[in-house]
Amino acid sequence: ADEHPVLRITLETGVSFRVAPEQLLVQADGQTIRASEVKPGAALLPAFHYPPGYAYQADDGQPQVSSHALGVRSVEPAGVAEVYGLGVNQTGRFFLAAGV
């Protein structure tokens, strides 16, 4: 791990995450984009999502309908953090989930 500048991306849901500017994210159309190129209003695919149109209840009790992608509310500098580089065989894509 090395320390590198990171960005904080906040989604329309209020969830935010820190990411290295060179990290590739997946857009709603399936194309990849570097985190440094993401702008507010962009739509990103999460690693896990409900099928489009799936109705569910959010944690706050409000009914929701899945739109498949999540809109970006803001992108801003978030200081520095230890950044790890991992090689991934075959697909070149690796998603972390469940708080990892």
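## Quick look at the environment of V19
Within the secondary structure layout, V19 lies in strand β2 (residues 16-19). For V19, a relative accessible area of 9% puts it in the buried group. C-alpha of V19 to C-alpha of V6: the two residues are 13 residues apart in sequence and 5.3 Å apart in space. Contact partners of V19, with chain neighbours within four places excluded, come to V6, L7, I9 and A35.

## Some points on the nonpolar core
A general trend in soluble globular proteins is that nonpolar side chains are found buried together. In terms of nonpolar packing, the biggest core is built from ten residues, these being L7, I9, L11, V19, L25, I33, A35, V38, L44 and V72. For this core, the element with the most residues is strand β1 (residues 2-11), which contributes three residues. Beyond its immediate chain neighbours, meaning those up to four positions away, V38 contacts L25, I33, V72 and V75.

## Some words on the sheet that holds strand β8 (residues 70-83)
Strand order across the open sheet formed by four strands is β2-β1-β8-β5, with antiparallel pairing between neighbours. Either end of the sheet is taken by a strand with one partner, and the two such strands are β2 and β5 (43-44). By the bridge criterion, four bridges tie β1 to β2 in an arrangement that is antiparallel. When the sheet's bridge partners are listed, I9 is paired in β2 with F17.

## A word on the confidence of the model for the protein chain
Predicted coordinates in areas of low pLDDT are best not read in detail. Of the residues in the protein chain, 81% have a pLDDT of 70 or more, and the chain-wide mean is 82. The weakest mean pLDDT in the protein chain belongs to strand β7 (residues 63-65) at 78; the strongest belongs to strand β4 (residues 32-34) at 93.

Thresholds applied
- Residues numbered from 1 in each chain as written.
- Predicted model: local features only at pLDDT ≥ 70, side-chain atom pairs only at ≥ 80, totals over all residues.
- Heavy atoms only, no water.
- Helix = DSSP H or I, 4+ residues; strand = E, 2+ residues; numbered from the N terminus.
- Buried < 20%, exposed > 50% of the residue type's maximum accessible area, 1.4 Å probe, protein only.
- Contact = heavy atoms within 4.5 Å.
- Core = buried A, V, L, I, M, F, W, Y, C linked by side-chain atoms within 4.5 Å.
- Pairing = 2+ DSSP bridges.
- pLDDT = per-residue confidence, 0-100.

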